[in-house]
Amino acid sequence: MSILLIVPIALGWFAGWIVNYLSDVLPVTRRFSQPTCPHCQSPYSLKGYLLFQPCPNGHARGIRPWIVQAAMIAASLYAWIQPPSKPGFILGFLLIVYFGVVVVIDLEHRLILHPTSVAGALLALVVGVISHGWLPSLQGGLAGFLIMFAFYLLGVWFTRVRAKRLAARGIQADDEEALGAGDVILVTVLGFLVGWPLVWLCILISILLGGIVSLFTIIALFITRGYEKNALMLFIPYGPYFIVSAYLITFFPRFVAAFVPG
Ligand SMILES: [Zn+2]
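The text that follows walks through the structure, step by step, so that each part is easy to find. (Residues numbered from 1 in each chain as written. Predicted model: local features only at pLDDT ≥ 70, side-chain atom pairs only at ≥ 80, totals over all residues. Heavy atoms only, no water.)

What follows covers the packing of helix α8 (residues 198-223) against helix α9 (residues 239-251). Axis separation between α8 and α9 bottoms out at 8 Å; the angle between their running directions is 130°. Taken together, the axes of α8 and α9 lie oblique to each other. The interaxial crossing formed by α8 with α9 has right-handed handedness. Here α8 contributes L198, L201, C202, I203, I205, S206, L209, G210 and V213 to the contact with α9, which in turn contributes Y241, F242, V244, S245, A246 and I249. Class assignment of the residues belonging to the contact of α8 with α9 gives a composition of 12 nonpolar, three polar and no charged. (Axes fitted to C-alpha atoms, helices over the stretch in contact; angles between N-to-C directions. Helix = DSSP H or I, 4+ residues; strand = E, 2+ residues; numbered from the N terminus. Parallel < 35°, antiparallel > 145°, perpendicular 65-115°, else oblique. Left-handed = near helix turned anticlockwise from the far one by under 90°. Contact = heavy atoms within 4.5 Å. Nonpolar A, V, L, I, M, F, W, Y, C, P; charged D, E, K, R; others polar.)

As structure tokens, this is what we get:
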């Protein structure tokens, strides 16, 4: 084990702070504000925040900051040892930070923020152009947009049909959309990153992952008898599946080779 590994570990820890911070403030204030306790809104001191101490009123920070720190260190270490060949470690590292912010905010708030998407699009374009060239990168983004927009319209149609059926039985439907506009933008961004034609693989793997996780969730709900007929209609944040898929494609070339021969 090389002493140099201290560099990606320290950078990973730093990235964890950044991801935790952005996930705490962006969904609440939409800007780089002072983080506040989600339970009582009292502001954290800088030292208290960075050391994961409870808020002044004693509300604990919970387990998420630690999961994020651990995940960022692991991802940073891996990117250091096995950097994506063309973009290299630094761009790979920035990608990990972007991925982390999208995943945490989508899981906690079911939200993909536009400023995050704009920053992500710039980064994804730079990495995509370096990795695949201009044309495949732009084609990947366009294809990602068109495919997901079609899914989005399908989701809107499905939601309407369902609302009508429920209304006929006198039930008020929730107005949650199956697929958000944020997901369309996210896959456009990831399309720039993985390029054409891998954007197909990215979407396919996301759907497979989503299907597998949903299946296990439904089985678990059946076993614990927590299953209700509405459980199937619960909103699933798709963002994390797309991110995991794009991460695998970008950082694990052997994984891609398993799907795309030659
Ligand atoms: Zn508090």
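As a further point, take the nonpolar core. By size, the foremost hydrophobic cluster in this structure holds 53 residues, and its most contacted members are F99, L186, L190, L193, V194 and I249. Here the element with the most residues in this core is helix α4 (residues 88-109); it accounts for 12 residues. Residues in contact with I249, not counting those within four places in the same chain, are V194, L198, L201, C202, I205 and V256. (Core = buried A, V, L, I, M, F, W, Y, C linked by side-chain atoms within 4.5 Å. Buried < 20%, exposed > 50% of the residue type's maximum accessible area, 1.4 Å probe, protein only.)

Okay, the packing of α4 against helix α7 (residues 181-194) next. Closest axis-to-axis distance for the α4/α7 pair is 13 Å, and the angle between their directions is 165°. As far as their axial angle goes, α7 and α4 are roughly antiparallel. α4 and α7 meet at a crossing whose hand is left-handed. Taken together, the residues of α7 that come into contact with α4 (itself represented by L95, Y98, F99 and V102) are L186, V189, L190 and L193.

If you check α8, its first and last C-alpha atoms are 38 Å apart, about what 26 residues at 1.5 Å a residue would give, namely 38 Å. Among the residues of α8, those classed as buried are L198, V199, L201, C202, I203, I205, S206 and G210. Contact partners of the buried residues in α8: α6 (134-168), α7, α9 and α10 (253-259). Directly after α8, the chain includes R225, whose backbone phi takes a positive value near 60°. (Expected span 1.5 Å × (residues − 1).)

Take a nonpolar patch on the surface next. A contiguous nonpolar patch, built from L204, L208, I212, L215, F216, I219, F222 and I223 and spanning about 860 Å² of accessible area, is present on the exposed surface. Note on L204: relative accessible area 49%, which makes it partly exposed. (Patch = residues over 30% accessible without salt bridge, like charges linked within 9 Å, V, L, I, M, F, W, Y side chains within 5 Å. Areas by Shrake-Rupley, 256 points an atom, 1.4 Å probe, with all protein chains shown as cover. Salt bridge = Lys/Arg side-chain N within 4 Å of Asp/Glu carboxyl O.)

Attention now goes to unusual backbone geometry. Omega for the peptide link from W196 to P197 comes to 5°, which places this bond in the cis form. Even without being glycine, F52 reaches a positive phi, approximately 60°. Judged by relative accessible area, F52 falls into the buried class, the value being 9%.

So, on to the pattern of salt bridges. Applying the stated criterion across every chain, the model contains three salt bridges. In this structure, R61 and D24 form a salt bridge, with 3.9 Å as the shortest nitrogen-oxygen distance. Linking R61 in the loop between α2 (46-50) and α3 (64-81) with D24 in helix α1 (residues 6-29), this pair joins segments that are 37 residues apart in sequence. By relative accessible area, which is 13% here, R61 ends up buried. Classification of D24 by relative accessible area gives partly exposed; the value is 22%. One salt bridge in this structure joins D24 and R64, with 2.7 Å as the shortest N-O distance.

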